[in-house]
Each structure stands twice: as structure tokens, then as C-alpha cells.
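Next come the chains, spelled out residue by residue.
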Amino acid sequence: MSIGSKDVLHVAALAELDVPASELQALVEQLGRIVDYVAQLNAVPAGEQAAPFLAGPHAAPLREDEIRPAPLARGPDAIAPEFRDGLFLVPRLGAMEDE
Amino acid sequence: MSWETVIGLEVHVQLKTRSKMFCGCSTAFGDPPNTNVCPVCLGLPGALPVPNAEAIRLATRAAIALGAAVHPASVFARKNYFYPDLPKGYQITQFDQPLSTGGEVVFDSPERGRIACSITRLHVEEDAGKSLHDRYPGKTAIDLNRAGVPLAEIVSGADLRSPAEARSYLTALKQILMYAGVSDCSMEKGSLRVDANLSVRRPGAEQLGTKTEIKNMNSFANVERALEAERLRQVALLDSGGRVDQVTLLFNAATGQVRPSRSKEESHDYRYFPDPDLPPLVLASRWIDEQGAALPELPEARRGRLIAMYGLSTYHAQELTLERSVADYFESVVGAGADPKAAAGWVLGDVMAGYNADGHFAVGPEQLAELIGAIGDGTVSHQAAKQVFVALKGDVTMTSPRALAVTLGLVQVQDSTALERWVDEVLAAFPSEVLRFRGGETKLLGFFVGQVMRRSGGKADPKGVQPVLQAKLGNQD
Amino acid sequence: MNAVATIANAVGSGRTSAASAAREVTRLLADADARGLNATLHWSATQVAREAEEVDGRIRAGAADLPLAGVPVALKDNIVTTEAPTTCGSRILERYVSPFEATVVTRLRAAGALIAAKTNLDEFAMGSSTEHSAFGRVRHPMDPDLVPGGSSGGSAALVAAGVVPAALGSETGGSVRQPASFCGIVGVKPTYGRVSRYGLVAFGSSLDCISVFGRSVDDAARVLAVISGLDSHDATTVDAPLPPAAAEARPLAGLRIGLPREYLPDDLHPGVRAGVDRAIARLRALGAIVVPVSLPHTAYAVPTYYVLAPAEAASNLARYDGARYGSRKTGTAGDLRGLYRATRGQGFGPEVRRRILVGTYVLSAGYYDAYYRKAQQVRNLLAADFSRAFREDRVDLLLTPTTPTPAFRAGEKTADPVAMYLADIFVCGASLAGLPAMSLPAGRSDGLPVGVQLIAPAFGETRMLQAAAALEAVLRGDEEVR
Ligand SMILES: [Mg+2]
Ligand SMILES: [Zn+2]
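Structure report, in brief. The model shown is predicted, which means the values in this text are computed figures rather than measured ones.

Definitions and cut-offs
- Residues numbered from 1 in each chain as written.
- Chains lettered and ligands numbered in written order.
- Predicted model: local features only at pLDDT ≥ 70, side-chain atom pairs only at ≥ 80, totals over all residues.
- Heavy atoms only, no water.
- Helix = DSSP H or I, 4+ residues; strand = E, 2+ residues; numbered from the N terminus.
- Rg over C-alpha atoms; globule rule 2.2 N^0.38 Å.
- Buried < 20%, exposed > 50% of the residue type's maximum accessible area, 1.4 Å probe, protein only.
- Contact = heavy atoms within 4.5 Å.
- Areas by Shrake-Rupley, 256 points an atom, 1.4 Å probe, with all protein chains shown as cover.
- Lys, Arg positive; Asp, Glu negative; His and termini not counted.
- Charge placed at Lys NZ, Arg CZ, Asp CG, Glu CD.
- 1 Å grid on protein atoms, 1.4 Å probe; cavity = no way out; pocket = protein on both sides within 12 Å on 5 of 7 lines; lining within 4 Å.
- Points joined across faces, edges and corners; volume = space filled by probe spheres on them.
- Nonpolar A, V, L, I, M, F, W, Y, C, P; charged D, E, K, R; others polar.
- Donors = N, O, S within 2.8 Å, 3.2 Å for Na, K, Ca; no water.
- Phe/Tyr/Trp six-rings, centres within 6.5 Å; stacked < 30°, edge-to-face > 60°.
- Lys NZ or Arg CZ within 6 Å of the ring centre and 35° of its normal.
- Pairing = 2+ DSSP bridges.
- Expected span 1.5 Å × (residues − 1).
- Arc of directions from axis to C-beta.
- Salt bridge = Lys/Arg side-chain N within 4 Å of Asp/Glu carboxyl O.

Helices and strands together make up the secondary structure of chain C, namely 15 helices and 11 strands. The C-alpha radius of gyration computed for chain C amounts to 21 Å, which stays within 12% of the reference 23 Å derived for 482 residues, consistent with globular compactness. For chain C, the spread of C-alpha atoms along the three principal axes comes to 70 × 60 × 45 Å. Put simply, chain C has 482 residues, and 68% of those count as buried. Considering only contacts in chain C between residues 6 or more positions apart, those separated by 24 or more positions represent 76%. Accessible surface, chain C as shown: approximately 14000 Å² in total, 51% of it carbon and sulfur. Charge-centre separation for chain C: the mean point of 50 positive side chains lies 2 Å from the mean point of 47 negative side chains.

Quick look at the structure:
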């Protein structure tokens, strides 16, 4: 198996996802199965095909510099879980804190 | 044993656009929170970015002004991390294929004289929003007005060798960007931000030491202070047999010290990948050339030209070119017929005093040129001219300085009757000084000239005063 | 419910009203819900009636040329609308109502269509059976123990049940073609860039395509024509609107059809194989030339897809953090990180969590080159396979089975994620190459629909739809293929 519980916990931390201890082993197995499955790509000789595939147009269209915001049918206050004095509120950063 | 300091700087400048990088929201500073927001910069489900042409144009100008190579194709990438002021959970930036690479900033190092600091890359990206940690207890408040504002990130090579040199580099870089008209470069308004990397090594060593990253500096002076504090910290650590860890540090302007940030290095796995919402940024080479051609003369070139064309001193040229608008003003004054050296004196003196106070030129260049001309032909004294200048500042009718001098009664008096009357009055008022002069203290002549000028209200022609004074003081009766 | 053209002509000419179409669709929606299809997540009789009233008003005021006048269209619930919620089948957006509307919705409304319902889906469109919805699985209209396919299973089931003549789904790797095949209807995925994604909740942005279900090729083509074309809000759209009459059947004499051998393995389900054989026979009878071709990298399509789509998804789904909108769960620590982890850990279902973790893994330091970069390169090889067939073998279209089997039973593949992924083995390739492709019914096997797939070169929808219309005309009628 290519993946262990340490890998799963590491990517879960990067992705900010709780992984309950009771689910860890099952997840390790499922992710291992998926990662082992997609690892067959390593068998494809693709050394020369360095360019990534590009779907859609080959150059980004550019927008004129005009103040024209797409309208909101309802404001941030109507969609936010917590909003006060025009500001979104979240709990203090805790471990992410810098200031 | 001594240590050599090695510094590299990452500078973010806000590109001067009306609307944001990827949406049509205003970039105005200081609007009520979360009013310049839309589906795109709120990161709403289903919203998509479309790049701002003007941001690309300004970044291209900046790159060319720094002598960088602008690439015909570059790629927007996502930098993935969680932070409450980052609405999408990723920042759209450029990574392995930036807008431009290369370039340099030539400047005067306080220690090493004229040097060039290399530029590694310049890329475009979007800003994050603003987190307010002290507004509500236990809460962080978020304003997304800034989210999505266009930035150019300019990364220097690790070419700087002292905190003071880093500051000089920043001053020169800011000057170039302001000349190119790409950014306001205001640290107070957050339109210029600096992150620094610093390491130390033994002089002559090939290998770089372990570097730390320093953030949270709000002025060029504080960049220098923070780097000096960090340099001392690293040197003390190494001198005592310790080891420098690769950490991120925050500068505290109140204490002048740096302290480690709490963010963990392991969370700095940004998982960059090309943004699938944005095709490559493709720029025609002719368009790139046009942007270069449209650039104004840059500070370095302008200094050289001012010296060569007008015979200015290096110092005057330096001072006059600090800001493009000042150099432009100076050249307008000269263009209106003023003597260049006299114009330089006026611009760097009375004109700059007013400009620094309120940010604009109160006296038109033609007016100043006429005033300088009036001094030159003896119509007004230098002292009187200063009074005329003050009056011109308060005058909105754009009166001619010569006419104003007449109105104010400041035109120089060469009429000998008047001059003799003022001289007689002065000699009568200072009998002991007259005796001392006659006793051989001839340097008092300047004193008498000054007194006559004063008595005349600045109107007496100093060149006419002297012979009258000498004649009268020579009479021993 | 009548065909798209029939309704639009009747309502547009004033022979009937949009209001009566609204009443009929409302009745059919209620019936479908009563049958327990679980195909809809939100619909409102009042809202549909209001929309119909608006359309009737426009027609009375002289609006001519409303190509979808009074036509009820259902939307997969990952396409944002401002009236009804857009949940993506997820707890994390359970009560979210979008402050803006998708471009395709604006275009449908402008064409006179009625937005009839928002349909159930695999959470964030991740799945192939519509069993991964937080709001329960969708039943196959012909047998409630079967899955309708996915992830656009709700839209497919509504069309197959005759509730609406057409519906929008979305494809990232076959999520319209595969359920169309399972449900015995037409499913058309356009060329990447043909239809705006603005307002489609992103899953794998380089693959996502809003796509169309219809009971006939003509139904689907008419809706596709309305929603296609450049959109200034989507930098990946192309200025290539589809002509309105794209689906007029044209003679097939001389048309070259390629049959990729990799899509016809020996162990292919015999009923599916029979459907393909039948389509080949009909195409030949109509004068088309059917030639074998090879797409050598086909076996790598699914693994490529399951690197790239999760990588993009992990990034696209980072915005659901409980800070600005959507559900919020407070963690035990009471700090921000606890909120993030609780909101996301409890808000996303197991399949979405798995894909976020896989996607994060393949992009993380040390694995990017081996997985993400490699998959990008293989994607290029897969696309090159298709171009070679179209250019060097000079085929106009490719014909393949749409799915390896007819509809499977609910629960059959939920234990093994990779088994579920392999249900998309024939549809992933065209998605990765950004090509237009469609599924159309080719008869039944043991009573269950089987579909065949047509794949065209980029922006070759017109020829694909014309061929499909011709084929549909001769395939219709005879049912059992084995
Ligand atoms: Mg940056
Ligand atoms: Zn915006």
C-alpha cells in the first residue's frame, strides 16, 4: 500500500478536514486503493510530451478596466453565517494567529 | 571574525487600476467594508475570473522599466492555503511561468557606491482581503474590499549586502515604479509592501547561510530597522555557536525587535498548479514593444540628461528627479525661459516647501520663470522676489509676477535721492557702528547694506546701495 | 410532456399558453415526487407559474422568436439560480441561495424557457450513480432498485420519466452521457468552451461542461443552441454559438465513422455490444462507412481523470470554509481552524472528502510530478489519440458504447470507489480531450436501455447532432437488442 495513516492525516490537515479516528483506517484503505490505481500512469512513456493539455481557448481574453461589478441579488449580510457592521466574522485565528 | 549580510526583497505594489484584477469591482481605498464586492471576489460558488487588461499593461510597463524580459506567454496559477481573508481558499498568482524575468535596479549604495541589484521576476497576482483582529473580542472580522486588487510582485536577487543598502534599493525601485506610472507606491495605503529575506555568511563564502523571512514592516525606515535587528540576532546566534532556523519573523515597530510568526512551515505547501479557469496570458511582441516605447524617461536617464543639458550639479539633478512631477515642473520652468541653475534653486527651495506640504505646485512654471527673469534683470531683489512668490501662491488669477511686484511696491529702487535718504537714515540710527567702521572695521559694510535693504522694505537695489554707503562713510565731517 | 419544438411552437404562436405548460409540468413534478424518484431538490408551483406568466406577457406584447417559449427545463442543482437554493446535493450548501444567476439560466429565460425544478445529483457532481447525494439517492424511473447513473441522475430521471422534455446537467467526466445511456434518453456534452460555466459550481474546471438531456436529439439540440456561445464572464468560452437547426437529420452517405477497438473489449456486456452492432448496421444501411480505428491510450483515461479532477476539485472546494456563506460548524476548540475542520469535515460527504484528500495528495510537495504533471502529459496523449483518428484516419465521428453495462443496482458499487470510477471508462476520454460527445438510445437489453456514444472533433457538434438525428430515426421503433 502506497499510503499510510500519516499521509492521510497530513493531507487532511492541508485540506482542513476533520478525520475522525474511527474513520481513519477505512480512509487509508480507500485512498490507498485510489492512489495505487492512478499510479498506473507511471507506466506511460510520456517524457517528450511535457506540454500540459489545454482545454478551451489558447489565450485569455482581457477585460476593459471599468468599474462594473456583477450585481448581487442579496448582499453579504444575507448569505454570511455571522456578519456585523459590514464585516464577516469568524472565530479568532487561534493556532493560525500572527498578529 | 566578521559576517557578510545577504538580503533579498519581495515587493508587492498595487497596480493603479480602476477595477480589480479579475472582476469589475472598484479598487477605491477607504470605502465602507464589503461594499466593493461581487460574486467573483467574494469567491461565490460558480463565479469565474476574467483578467483586467489595464493591470496587465501596467505590470508590463513596470517590467520593462526594470529592464526585464516580458514573456509572450505566461500562466496564472493557484496558490492554495486557508486564511479567512482569502475568499476562494487560493490566490490567483503566477508561479513557474511569470509575466517577466530578469531586470535590475541601479542605485547608489551607502557603502558600495553605484551598484545594480538584479530582479529575479515580476508577476501579477490578486491581493487578499483585510483581517481585523482587534475589533471584536474573540473574533476576526473580514473586509473583502481589497480582495482581488491587482498586484505586481517584484522579487530581487539576494544581491543586497546591508540593511541601509536594502533601503536605498527600495527608494530607487519606488522611484522607477512611480515614474512608470504603474503604482502609487504608498506604504500607508498598503499599495506597497515589503517582505525581506536575510542570511549571513563568512565573507568570501560561496554558500548562502540559512535565511529567515521578515514581514510586517510599514515604512522603508522600518525595513532597515527590522533587517538590522535580524542581522544582529543572527550574528549573535552564530557567534555563540548557535544555528539559524528557517523561520518567518514579524517586526514589531514599537520594540524594534523581530519575533517568530506562529504559522507553521508545514502549512506552506501551497500546491501550486495552473489555474484551469484562465487560459495562458498571451501578449503580442509588438504590443510589448509599444508598452516600452510609451514609457517616460526613467529617473536614471533623466538625471544624466539634466546634468548634461543644464549643467546642474549631481546633487541638484538627484533631488530634482526624486519625483517625476518635480522634474517635469523644473523642466517647464526652464522651458519658459528661466536660467536652469536659478530655477533649480527655486524649485528645490520655495517650490518644494509648498509641494511637500500639500502635494501640488501653487505657482505656475511660466510665473516662476518670469519671476526668476525679474531677479536677473534687476527688477526685483531676491528678497523681494520671495515676497512676490508668497503672494503668487495665494493668487488664483495667475497675475504676472512683474505686475504683482509693482502692485506690492516691491520693484527695486535705483533712484539715488531715495537711496541717499535711506542711507542717511541708517547712518544716523547707528552712530557707534559708523565710528567702528571708520576706525577700520570695514566688514560692517554688509551690516549697513542689510539695514538699508530693511529700511527700504526690500526695494533698494543692493548693487546701488553699496557705492552710496561707501561714499557717505568715507566723508569724515 | 410534448417535445421542445412542439411546446415552443404552440406557446409561441399563442395556440396554448406558457401558463398551461407550467400547470402540466407542476402536475408531473408532483407525480414524480409521489412516485419516490427523489429526482428533484427544489421546485415551486408558484415560481413556475410566475415565470410562465412573464413569458405569456412577453408573447402578448409581441415577442416573436422565443425558441423555448413555455418549455419547462429542469436544472441540475449545481447551476446557480437566485430564487431557489443551489445545494450541490451537499449539507455544506444546504440553505444557500445564490446572489447571482448562471449565464445559461439567463439565456434559457431570455429564450422563454420555464425553470421547472432543481434536480438531485451526486454531491458536488462527484459520482456515477447519484447515490452520493446528501439528500438521498435518485431512483431509476424504470426500476427503483436501479441507479439512474450520475452524477446528473436527477435531471436524467426527470426527462426519462417524461416530466420535462429537456434538462441541464453537468459533465466533468461523463455525468450526462452515462445517465442518459442508463435512462434511455439523449445526453449531449458540448465542446469545452462552447457553453459558459459562469454559475456552474466548479468541480474540475478544466473538464466541467454544462450539458443537455433531451428525450430526442432535437430536444437536446434546441436547448444547447440557446445556451451556447461566448460569455464575457467566462474566460474559457469561445465565440462559437451553435446554429439553431443543428439537429436536422442529414443523409449519412459517405460519412466516415471510426470504431475504436479499445472501446469494444471482449468482456463488454453483450447487451451493450448488441446495441453498438445494431447502430453499426443502421449506419451502414444509411450509407456511412464504418472503419476500425485505435485510440491506444484509452486505458489511461480513467486514472488520468482521477488525478486531474480531484486535484482541481480540492482547490475548487476550498472556498467552502464556513466563513462567508453556507453551513458553519463550530469545532470543539472554538478557534478558526476548528471551525474550518468541523464545517468541512461534517459538511462534505464521504465521496467528496475522499476526492479532496486524493486531490490534495497528488498536488502536495513531492507528489506533484509523479501524479499531477504526469496526468497532464497523459491527457495530452489521450487528446492526440483523438486528433490522429480524426486527421489521419479521416473519420468524421467515432462510435462507441456509452457505458460498459446497462444501469446497475443501487449499492452495487458503493463499497469500492474504483469500481464506481470504471463505470465512466468510455466517457472520460472525450471529457479529457475537451471534445463534443453524446449518448443516444440504441435499444434495450433485458428491458434496460443501452446507449451508444458519438464523439466528434472539437466544435463538430452540428455534424454529430445531424448524424445522431438520422440514426435516431432508424433506431427508434425496434426495442430489444438481444
Ligand atoms: Mg505574492
Ligand atoms: Zn468583485
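Let's shift gears to the layout of surface pockets. In this structure, the second largest pocket spans a volume of roughly 700 Å³. Pro52 of chain A, Val75, Phe273 and Pro274 of chain B together with Tyr368 of chain C are the residues nearest the centre of the second largest pocket, which is lined by 35 residues in total. Taken together, the elements giving at least two residues each to the lining of the second largest pocket come down to β4 (76–80) and β16 (273–274) of chain B together with α12 (369–391) of chain C. Each residue belonging to the lining of the second largest pocket can be placed in one class, and the counts come to 23 nonpolar, 5 polar and 7 charged.

On to the coordination of the magnesium ion (ligand 1), then. All names here are of chain B. For the magnesium ion (ligand 1), the full set of protein donor atoms is His12 (NE2), Glu125 (OE), Glu125 (OE) and Glu153 (OE), and the range of their distances to it is 1.9 to 2.7 Å. In the primary sequence, the donor residues of the magnesium ion (ligand 1) line up as H-x112-E-x27-E. On the criterion of sequence distance, the pair formed by histidine 12 in strand β1 (residues 4–14) and glutamate 125 in strand β8 (residues 113–126) is long-range, its members being 113 residues apart. Take histidine 12 and glutamate 125: they sit in the same class, and that class is buried.

Moving on, we get to the packing of aromatic side chains. Per the stated rule, a full pass over the model turns up 29 aromatic pairs over all chains. On the basis of an interplanar angle of 50° and a centroid distance of 5.5 Å, the ring pair of tryptophan 346 of chain B and phenylalanine 389 of chain B is categorised as tilted. Residue tryptophan 346 of chain B is located in helix α8 (residues 340–358), and its partner phenylalanine 389 of chain B is located in helix α10 (residues 382–393); the two are separated by 43 residues in the primary sequence. Residue tryptophan 346 of chain B is classed as buried on the basis of its relative accessible area, which comes to 4%. Grouping aromatic residues by their ring pairs yields a cluster made of Tyr96, Phe124, Tyr320, Tyr325 and Phe348 of chain C. When the ring centre of tyrosine 270 of chain B is taken as origin, the NZ or CZ atom of lysine 79 of chain B, which lies over that ring, is 4.4 Å away. The ring of phenylalanine 408 of chain C is capped by lysine 413 of chain C, whose NZ or CZ atom sits 4.9 Å from the centre of that ring.

In spatial order, the strands read β5-β4-β16 (chain B); together these 3 strands make up an open sheet with antiparallel pairing. The strands lining the two open edges of the sheet, one partner per strand, are β5 (90–94) and β16 of chain B.

Turning next to helix α10 (residues 336–347) of chain C. Over its 12 residues, α10 of chain C runs 16 Å from end to end, which matches the ideal 16 Å to within 8%, given 1.5 Å per residue. When you tally the buried positions in α10 of chain C, you get 9 out of 12 residues, the bulk of the element. Three or more residues of α10 of chain C are buried, namely Leu336, Gly338, Leu339, Tyr340, Ala342, Thr343, Arg344, Gly345 and Gly347 of chain C. In this fold, the buried residues of α10 of chain C make contact with β2 (87–91) of chain A together with α11 (350–363) of chain C.

Residue and element names in this part refer to chain B. Here the zinc ion (ligand 2) is held by Cys23 (SG), Cys25 (SG), Cys38 (SG) and Cys41 (SG), and the distances to it run 2.3 to 2.4 Å. Considered as a linear motif, the donors of the zinc ion (ligand 2) on their single chain read C-x1-C-x12-C-x2-C. An identical accessibility class is assigned to cysteine 23 and cysteine 25; each is buried.

This brings us to helix α12 (residues 416–429) of chain B. Residues and elements named next belong to chain B. For α12, built from 14 residues, the straight-helix expectation of 20 Å at 1.5 Å per residue is met to within 8% by its first-to-last C-alpha distance of 20 Å. Of the residues making up α12, those classed as buried are Ala418, Leu419, Trp422, Val423, Val426 and Leu427. Seen end-on, α12 carries its buried residues on one side only, within an arc spanning 165°. Relative to its buried face, α12 has exposed residues pointing more than 90 degrees away, namely Thr417 and Ala428. Of the surrounding elements, those touching the buried residues of α12 are α13 (431–438), α14 (445–455) and α15 (462–474).

The subject of this paragraph is the pattern of salt bridges. Residue and element names in this part refer to chain B. Scanning all chains against the criterion turns up 62 salt bridges over all chains. One salt bridge in this structure joins arginine 421 and glutamate 425, with 4.0 Å as the shortest N-O distance. One end of the pair, arginine 421, and the other, glutamate 425, are both in helix α12, 4 residues apart, so they sit about a helical turn from each other. What makes arginine 421 partly exposed here is its relative accessible area of 46%.

These figures capture arrangement, not role.
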